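Remarks on the overall topology
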Amino acid sequence: MTRSITAWLASAALSFVAAIATPACVHAQAAAASAAPYTAAQRLLGDVNPKLAALTDDVLFGDVWARPGLSPRDRSLVTISALVAMNRPDQLRSHLQRARDNGVTEAELVEAITHLAFYAGWPSAVTASVVAREVFQAN
């Protein structure tokens, strides 16, 4: 969340400068923008769909994930469950890591995947288990 707020503030500041800049300042602005840190969403799809990347950063992770109704740990478990049920291994990889960062243990993730096998389907749970192995071994 801090990264998306920082990115927004930097973007707003650069927009202001661009509105009043001389041509020489425009080049400095472009160089500063290219040096700005990119979020995972910006790296993944910012070049092809910058609006979706911005919505991912600002709305999904900047607002929805920050709401106080559920802890980040609980949101991770809900998200993992949905991704396993929908058999979305590509998104599952990053969310398994996020779940670990949010305090969910590997044992709890494996237990959730096993539990989901009976509700989301065996093939989905097998795919999720293979992805989990990759994520766990990468750390």
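Remember, predicted model here, so these are calculated numbers, not experimental data. (Residues numbered from 1 in each chain as written. Predicted model: local features only at pLDDT ≥ 70, side-chain atom pairs only at ≥ 80, totals over all residues. Heavy atoms only, no water.)

Notes on the overall build of the chain
Each helix and strand counted, the chain has eight helices and zero strands in total. Along the chain, helices (α) and strands (β) appear in the sequence α-α-α-α-α-α-α-α when read from the amino end. Restricting the contact set of the chain to residue pairs at least 6 apart, pairs at least 24 apart contribute 55%. Accessible surface, the chain: about 9,000 Å² in total, of which carbon and sulfur atoms supply 63%. (Helix = DSSP H or I, 4+ residues; strand = E, 2+ residues; numbered from the N terminus. Contact = heavy atoms within 4.5 Å. Areas by Shrake-Rupley, 256 points an atom, 1.4 Å probe, with all protein chains shown as cover.)

What about helix 4 (residues 50-61)?
Helix length check: helix 4, at 12 residues, gives a terminal C-alpha distance of 15 Å against a target of 16 Å (1.5 Å per residue), a fit within 8%. Here helix 4 has its buried residues at Ala53, Thr56 and Asp57. Burial along helix 4 is one-sided: seen end-on, the buried residues are contained in an arc of 85°. (Expected span 1.5 Å × (residues − 1). Buried < 20%, exposed > 50% of the residue type's maximum accessible area, 1.4 Å probe, protein only. Arc of directions from axis to C-beta.)

Re the packing of aromatic side chains
Applying the stated criterion across every chain yields a total of two aromatic pairs. On the numbers, 5.9 Å between centres and 35° between planes, the contact of Phe61 with Trp65 is tilted. Residue Phe61 is classed as partly exposed on the basis of its relative accessible area of 21%. Plain terms: the ring middles of Phe118 and Trp122 are 5.4 Å apart, the flat faces sit at 90° to each other, and that makes the pair edge-to-face. Side by side, Phe118 and Trp122 carry an identical accessibility label, which is exposed. Note that Arg98 overlies the ring of Trp65, its terminal NZ or CZ placed 4.9 Å from the centroid. (Phe/Tyr/Trp six-rings, centres within 6.5 Å; stacked < 30°, edge-to-face > 60°. Lys NZ or Arg CZ within 6 Å of the ring centre and 35° of its normal.)

Some points on helix 6 (residues 89-101)
What sets the pattern is the α-helix's 3.6 residues per turn: residues three or four places apart point alike. An ideal rise of 1.5 Å per residue puts 18 Å on 13 residues; helix 6 measures up with 18 Å between its terminal C-alpha atoms. Along helix 6, the residues classified as buried are Leu92, His95, Leu96 and Ala99. The arc that holds every buried residue of helix 6, seen down its axis, measures 115°, which confines them to one face. Away from the buried face of helix 6 by more than 90 degrees, exposed residues Asp90 and Asp101 are located. Of the surrounding secondary structure, the elements contacted by the buried residues of helix 6 are helix 4, helix 5 (72-85), helix 7 (106-120) and helix 8 (122-138). Note on helix 6: the residue one or two positions beyond its end, Gly103, has a positive phi of about 100°.

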